[in-house]
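Observations on chain architecture
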Amino acid sequence: MGRKRPIEETKISSLAKVNHHLNKYYSQRYQLFSRFDQGIQLDEESWYSVTPEKIAIHHADKYHKLLKGRHSVILDGFCGAGGNLIQFARRSELITVIGCDIDLQKIKFAKNNAKVYGVENQCEFIVGDFRDMVKSFKDSRVDAVFLSPPWGGVDYLSTQNYSLSAMKPNGFNLIDLCRKHLSPNIGFLLPRNVDADELISKVLCREYPELEFESNCVGKKVKTITIYLGNLVSSDEVKEKKDKNDS
Ligand code: MGP
Ligand code: SAH
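Each value, and the rule that gives it
Residues numbered from 1 in each chain as written. Chains lettered and ligands numbered in written order. Predicted model: local features only at pLDDT ≥ 70, side-chain atom pairs only at ≥ 80, totals over all residues. Heavy atoms only, no water. Helix = DSSP H or I, 4+ residues; strand = E, 2+ residues; numbered from the N terminus. Polar contact = N/O pair within 3.5 Å; in protein donor to acceptor, adjacent residues only side chain to side chain. Contact = heavy atoms within 4.5 Å. Axes fitted to C-alpha atoms, helices over the stretch in contact; angles between N-to-C directions. Parallel < 35°, antiparallel > 145°, perpendicular 65-115°, else oblique. Left-handed = near helix turned anticlockwise from the far one by under 90°. Phe/Tyr/Trp six-rings, centres within 6.5 Å; stacked < 30°, edge-to-face > 60°. Buried < 20%, exposed > 50% of the residue type's maximum accessible area, 1.4 Å probe, protein only. Lys NZ or Arg CZ within 6 Å of the ring centre and 35° of its normal. Pairing = 2+ DSSP bridges. Right-handed = clockwise from strand over helix to strand, strands pointing away.

**What about the side chain of D76?**
Examined against the element boundaries, D76 turns out to sit in strand β1 (residues 72-76). A polar atom in the side chain of D76 sits 3.3 Å from the backbone nitrogen of L85. Those residues in contact with D76 that lie beyond four places of it in its chain are N84, L85, V97, I98, G99, C100, F146 and S148.

See below:
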């Protein structure tokens, strides 16, 4: 008699079978969450949107360097099922992560998944539209923001040069909102087909003197791009400076 599969795995496996386009994500499940078998819960959008664990750990290292081991607050504006939120919290007990998502179901998954990794006590959750929520944080206790909004579904690669203005919410507006109401220290997770020229020129004319542009790989494959703004830019690794852009 074969091994009995855990209930959650069976449920998700059948979801992946019904939705054939989810099969490839299911086969990468341990890259998404190494503790997948301990009760991770995801819905369809989360399957194709969650940040692979290795990349989320890298993001957390980057923020931890900025926060220098102090008590700090990171706001994960589009936390989904918690791929990034969990790793930010795991990086240090001194970090509190506020996870915001417009979808109550995602917040329920994020809470459950944070529990699987034992970091639920470091996480706070807000259900709502990030654009509205931002304004209630005027007297900010936020040290840094992470943005990973929807890219328009699994077909985001069908365009050659992906523009942040095509995102809903508009990615350039999100940067402006964060800078105005929260913190200039922003990490923004972007698709690998992002229009880098447009991105760099439009961000640098937003009073940011520099930005860091990074490809994120799992194995040899580039999965995502991340840009860093404000103090998240590593001083020794400045990729694009305003003076270079101007010359
Ligand atoms: P992918 O291109 O769908 O997968 O997404 P992959 O494995 O590169 O596909 P292949 O067919 O080219 O091999 C790559 C990664 O981008 C996903 O694992 C997610 O982390 C991230 N991602 C994808 N989408 C559609 C979104 C999104 O809408 N929002 C966010 N924040 N991340 C996404
Ligand atoms: N980084 C996450 C995945 C984020 S996917 C992870 O690793 O798990 C993008 C999320 O943005 C989705 O969960 C979606 O519900 C949420 N979202 C979409 N529009 C939003 C808005 N206006 N405000 C807040 N969240 C939003």
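**Here's the deal with the packing of helix α5 (residues 53-67) against helix α6 (residues 83-91)**
α6 packs onto α5 with a crossing angle of 45 degrees between their chain directions and a minimal axis gap of 8 Å. Compared by their axis directions, α5 and α6 come out oblique. Between α5 and α6 lies a crossing whose hand is right-handed. The residues of α6 that touch α5, namely those facing E53, A56, I57, H59, A60, D61, Y63 and H64, are G83, N84, Q87, F88, R90 and R91.

**Let's talk about the packing of aromatic side chains**
Scanning the model with the defined rule gives 10 aromatic pairs in all. Measuring from ring centre to ring centre gives 6.2 Å for Y63 and F146, while their planes differ by 70 degrees; the resulting arrangement is edge-to-face. Of this pair, Y63 sits in helix α5 while F146 sits in strand β4 (residues 144-147), placing them 83 residues apart in sequence. There is no split in this pair, since Y63 and F146 are both buried. Here a set of aromatic residues connected by ring pairs shows up, and it is made of Y26, Y30, F36 and W47. One cation-aromatic arrangement involves K62 over Y228; the distance from NZ or CZ to the ring centre is 4.7 Å.

**As for the environment of S215**
Locating S215 in the fold gives a position in strand β6 (residues 210-218). Residue S215 is classed as partly exposed on the basis of its relative accessible area of 43%. Along the backbone, S215 and I225 are 10 residues apart, and their C-alpha atoms lie at a distance of 4.6 Å.

**Observations regarding the pairing of strand β5 (residues 186-191)**
Most of β5 sits inside the fold, with 6 of its 6 residues counted as buried. One ladder, built from 3 bridges, connects β4 with β5; its direction is parallel. Note that in β5 the partner of F146 across the bridge is G187. Of the crossover connections in this fold, the one passing from β4 over helix α9 (residues 171-181) to the parallel β5 is right-handed. Where β5 lies against strand β7 (residues 221-229), 6 bridges are found, and the strand directions are antiparallel. Looking at β7, one finds that I186 is bridged to L229.

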